[in-house]
Amino acid sequence: MPLSINRVLCTLTVLILWQAEELVEACSCAPVHPQQAFCDADVVIRAKVVGKKEVDTGNKIYGNPITSIQYDVKQIKMYKGPDQDIEEIFTAPFSAVCGVTLDTSGKEYLISGKMEAGGKMHVTLCDYITPWESMSPTQKKSLTQRYQMGCDCKIVRCRSLPCAISAPEECLWTDLMMEKQVYGRQANHYACVKRADSSCSWYRGMAPPTKEFLDIEDP
């Protein structure tokens, strides 16, 4: 009998450790170019985070409550989204399930996320969320027009060398391979813009692309 109990306890311990490991590895996000994050998001805002609390958002099976973290924000500007201001942002309570941790002392962020039923904005670790002060001038300017101009394009991350695009509407993102950092020059200073011939190409500069750039044809 003691041997059987020990085996049961051992089995339970293994299961608990396996589930804990599975939970830790549950949130995995591939790097995304800021423009692609903008295009994929339902909502993109600049906001100050001013408060935080845990809230019940529903019931699981057997009546166990589902909790989320609610961040209270003061929206400064909306770049993409609904007509009304965003006042609360919701996220999962733990990073293991992609919950986001934000500074609630009035820090300004660029926040992208999804709009759920009922008009609630939900964010995860896979969304593009970054302190406003860390963004380059080109990124900030691109939020108002350039990123939107490129939403018909697709930014493809170079995973290993050699790499190449597979379609003319793609732009190859090589920061990680060429500069050994995820957010290098292409992320900080370039946008992938659609041209007159329906192909897409990297464009650098704070101003919107000129007609000459849009009309140019590759040799």
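Residues numbered from 1 in each chain as written. Predicted model: local features only at pLDDT ≥ 70, side-chain atom pairs only at ≥ 80, totals over all residues. Heavy atoms only, no water.

- You'll find the protein entered in an unreviewed UniProt entry as Metalloproteinase inhibitor 2, with Hucho hucho given as the organism.

Focus: the environment of C29
- Looking at the element boundaries, C29 is found in the loop between α1 (2-24) and α2 (34-40).
- It is 8.8 Å that separates the C-alpha atoms of C29 and D127, two residues lying 98 residues apart in sequence.
- Setting aside residues no more than four positions away along its own chain, C29 makes contact with L125 and C126. (Helix = DSSP H or I, 4+ residues; strand = E, 2+ residues; numbered from the N terminus. Contact = heavy atoms within 4.5 Å.)

Observations concerning unusual backbone geometry
- The residue after L161, namely P162, is reached through a cis peptide bond having omega 0°.
- Within the secondary structure, P162 is located in the loop between β7 (154-157) and β8 (170-173).
- Here C98, not a glycine, exhibits a phi torsion of approximately 75°, which is positive.
- By the secondary structure assignment, C98 is in the loop between β3 (88-91) and β4 (108-115).
- Notably, S198 is not glycine yet its phi reads approximately 75°, a positive angle.
- Looking at where S198 falls in the secondary structure, it is placed in the loop between β9 (190-194) and β10 (200-204).
- For S198, a relative accessible area of 42% translates into the label partly exposed. (Buried < 20%, exposed > 50% of the residue type's maximum accessible area, 1.4 Å probe, protein only.)

Considering the nonpolar core
- One finds F38, V44, Y79, L110, W132 and L143 to be the most contacted residues of the largest nonpolar core, which totals 16 residues.
- Of all the secondary structure elements, the ones that give two or more residues to this core are α2 and β9.
- Of the domains in this structure, domain 1 (36-134) and domain 2 (137-215) are the two that each give at least three residues to this core.
- In this structure, V44 is in contact with F38, K77, M78, Y79, K80, L110, I111, S112 and L143, ignoring residues within four places of it in sequence.
- Residues V43, I69, Y109 and M121 belong to the second largest nonpolar core, which totals 15 residues. (Core = buried A, V, L, I, M, F, W, Y, C linked by side-chain atoms within 4.5 Å. Domains from an automatic or database assignment.)

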